[in-house]
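# Commentary on secondary and tertiary structure
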Amino acid sequence: MSHTNTQVLFKADPGAALVTTDHMEVVKTPFTIPTDLPAGTLVVKNLFLSLDPYMRGRMNTTAKSYSAPFTIGKPMQGGGVAQVIAGSRGDITVGDTVSTFIGFESFSVLPAQLPAQKLDTSAPLPLSYYLGIAGMPGATAYYGLIDLCTPKAGETVFVSGAAGAVGLVVGQIAKIKGLRVIGSAGSDDKVALLKNEFGFDEAFNYKTVSSVAAALGAAAPKGIDIYFDNVGGEHLEAALTHMNTHGRIAACGMISQYNGESYHIKNLVSIIGKQIKIQGLLIGQQLASPEFMKRFATDIKTWVHIVEGIENAPEAFVGLFSGINTGKLIIKL
């Protein structure tokens, strides 16, 4: 039986320019389920696809990075949730739902060496959560805050990109741990959401304040002890300005720099005088650790921003860098 496979191809390297939909192309190709599959190979129908800022780096075909670049003319890839329609592997059979790495497409063929985790669909948890709180963003938030920043009740944490997939979870874990939580976001609606729905003590719209440093100073008159950085640039500079002695910074992302913009931070010397600890983080090793994954699981709220249709992935991906999403940005196929 032949199916139509709607795919999003990587069309052109944007270089240092802003990424646009012109750098991607939506195509429709015929897809027939292979009948002679190598051992361990799975054919899946994709259900949900994760859109994440790190993918911008994979569009730089000549830059060295921790993640291989996309291939021009081939489907882009990302984390996803899919249903197995052919093949088997271990305890995974036809009909099972898996969390894995899929193409930006309706159907994918997963080679035996590509990891796939069978999901317990009997659990009272929406499948999209496995791309958010129960997946990579949730684990990133937990590891960055708890393991790297070692928070103590009564401390103050500042979270940039607080209405994004990771930021929302960081804020909620911090509240559970007894911290005072300040967040920045890119719209008044997101600020209201942070304060009214997710319990942030203070929040501000970085696009409308006179300066991030001034807004942070007003929100944290006694300074901050922890900064969870998803933005970089002016936000990092402001955090250094208001950081207390022995402050800790988890450098999770710097989305303000991903499209080639540069920002020269002028107060790095404060790292010395304030004895600030800064550590970058990648979550891959922790995701592969059953012990860590069990430890990070917790019962907190989440917010998922779902865009319907794989054909809308290019526009949604571009919008990721202008802040269209509140919470985890996911494509529902």
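Residues numbered from 1 in each chain as written. Predicted model: local features only at pLDDT ≥ 70, side-chain atom pairs only at ≥ 80, totals over all residues. Heavy atoms only, no water.

### Some points on the packing of helix α4 (residues 212–219) against helix α5 (residues 234–242)
Relative orientation of the contacting elements α4 and α5 amounts to 40°, with a least axis distance of 9 Å. Relative to α5, the element α4 is oriented oblique. The interaxial crossing formed by α4 with α5 has right-handed handedness. Listed contacts from α5 to Val212, Ala213, Leu216 and Gly217 of α4 are Glu234, His235, Ala238, Ala239 and His242. Among the residues making up the contact of α4 with α5, the classes are represented as five nonpolar, three polar and one charged. (Axes fitted to C-alpha atoms, helices over the stretch in contact; angles between N-to-C directions. Helix = DSSP H or I, 4+ residues; strand = E, 2+ residues; numbered from the N terminus. Parallel < 35°, antiparallel > 145°, perpendicular 65-115°, else oblique. Left-handed = near helix turned anticlockwise from the far one by under 90°. Contact = heavy atoms within 4.5 Å. Nonpolar A, V, L, I, M, F, W, Y, C, P; charged D, E, K, R; others polar.)

### As for unusual backbone geometry
Backbone geometry at His246 places phi at a positive 65°, although glycine is not the residue there. Locating His246 in the fold gives a position in strand β12 (residues 243–251). For Gln275, which is not a glycine, the phi torsion comes out positive at approximately 55°. On the basis of relative accessible area, Gln275 is assigned to the partly exposed category, the value being 47%. (Buried < 20%, exposed > 50% of the residue type's maximum accessible area, 1.4 Å probe, protein only.)

### Quick notes on the side chain of Glu105
Assignment of secondary structure puts Glu105 in the loop between β5 (97–103) and β6 (107–110). Nearest to the buried, unbridged Glu105 among oppositely charged side chains is Lys74, at 9.8 Å. Leave out the neighbours within four places in its chain, and Glu105 touches Asn5, Thr6, Gln7, Asn46, Pro75, Ile310 and Leu333. (Lys, Arg positive; Asp, Glu negative; His and termini not counted. Salt bridge = Lys/Arg side-chain N within 4 Å of Asp/Glu carboxyl O.)

### Thoughts on the pattern of salt bridges
This model, assessed by the stated rule, comprises four salt bridges. For Asp201, the salt bridge identified is with Lys175, shortest N-O distance 3.0 Å. Pair noted here: Asp201 is in the loop between α3 (188–196) and β10 (202–205) and Lys175 is in helix α2 (residues 165–176), with a separation of 26 residues, a long-range link. Classification of Lys175 by relative accessible area gives partly exposed; the value is 32%.

### Brief notes about the packing of helix α1 (residues 136–149) against α2
The interhelical angle for the contact between α1 and α2, taken along N-to-C directions, is 50°, at an axis separation of 8 Å. If you check the angle between α1 and α2, you find them oblique. Classified by chirality, the crossing of α2 by α1 is right-handed. Seen from α1, the contacting residues are Pro137, Gly138, Thr140, Ala141, Tyr142, Leu145 and Ile146; seen from α2, they are Ala165, Val166, Val169, Val170, Ile173 and Ala174. Considering only residue class, the contact of α1 with α2 consists of eleven nonpolar, two polar and no charged.

### Let's talk about the sheet that holds strand β13 (residues 277–280)
Judged by pairing direction, the sheet is parallel, and its six strands sit side by side in the order β10-β9-β8-β11-β12-β13 without closing on themselves. Taken across any chain shown, the strands that pair with only one partner, and hence form the sheet edges, are β10 and β13. The sheet shows a mean angle of 15° between the axes of neighbouring strands, direction not considered. As paired elements, strand β8 (residues 156–159) and strand β11 (residues 224–229) share three bridges and run parallel to each other. If you follow Phe158 over to β11, its bridge partner there is Tyr227. Of the strands in this sheet, β8, β9 (180–185), β11 and β12 are in contact with α5, which crosses β12 at around 155°. (Pairing = 2+ DSSP bridges.)

### Considering the packing of aromatic side chains
The final tally for this structure, using the stated rule, is seven aromatic pairs. Measuring from centroid to centroid gives 6.0 Å for Phe158 and Phe204, while their planes differ by 20°, and the two rings are stacked. Pair noted here: Phe158 is in strand β8 and Phe204 is in strand β10, with a separation of 46 residues, a long-range link. By relative accessible area, which is 0% here, Phe158 ends up buried. Residue class for Phe204 comes out buried when judged on its relative accessible area of 7%. Ring pairs connect the aromatic residues Tyr142, Tyr143 and Phe292, which therefore count as one cluster. (Phe/Tyr/Trp six-rings, centres within 6.5 Å; stacked < 30°, edge-to-face > 60°.)

### Here we look at the pairing of β11
On a regular strand, each side chain points to the face opposite its neighbour's, so the side chains alternate between the two faces of the sheet. Burial analysis of β11 places six of its six residues in the buried class, the great majority of the element. Two strands pair when backbone bridges link them, and β11 and β12 are joined in this way by five bridges, in the parallel orientation. Following the sheet pairing, Phe228 is matched in β12 by Ala250. In this view, the connection linking β11 to its parallel neighbour β12 by way of α5 has right-handed handedness. (Right-handed = clockwise from strand over helix to strand, strands pointing away.)

### Quick word on α1
In this model α1 runs 18 Å from its N-terminal to its C-terminal C-alpha over 14 residues, within 8% of the 20 Å that 1.5 Å per residue would give. Roughly 25° is the biggest bend found in α1, and it falls at Tyr143. What α1 keeps buried is the set Pro137, Gly138, Ala139, Thr140, Ala141, Tyr142, Tyr143, Gly144, Leu145, Ile146, Leu148 and Cys149. Backbone geometry just after α1 places Thr150 at a positive phi near 40°. (Expected span 1.5 Å × (residues − 1). Bend = angle between axes of the 7 residues up to and from the residue.)

### Looking at the nonpolar core
Judged by nonpolar contacts, the single largest core of 35 residues is most densely connected at Leu145, Val157, Val159, Val170, Leu194 and Phe292. At eight residues, α1 tops the list of elements feeding residues into this core. Residues contacting Phe292, with those up to four places away along its chain left out, are Ala139, Tyr142, Tyr143, Asp147, Ile283 and Gln286. In this structure, Val19, Leu42, Leu51 and Ala316 belong to the second largest nonpolar core, which totals 28 residues. (Core = buried A, V, L, I, M, F, W, Y, C linked by side-chain atoms within 4.5 Å.)

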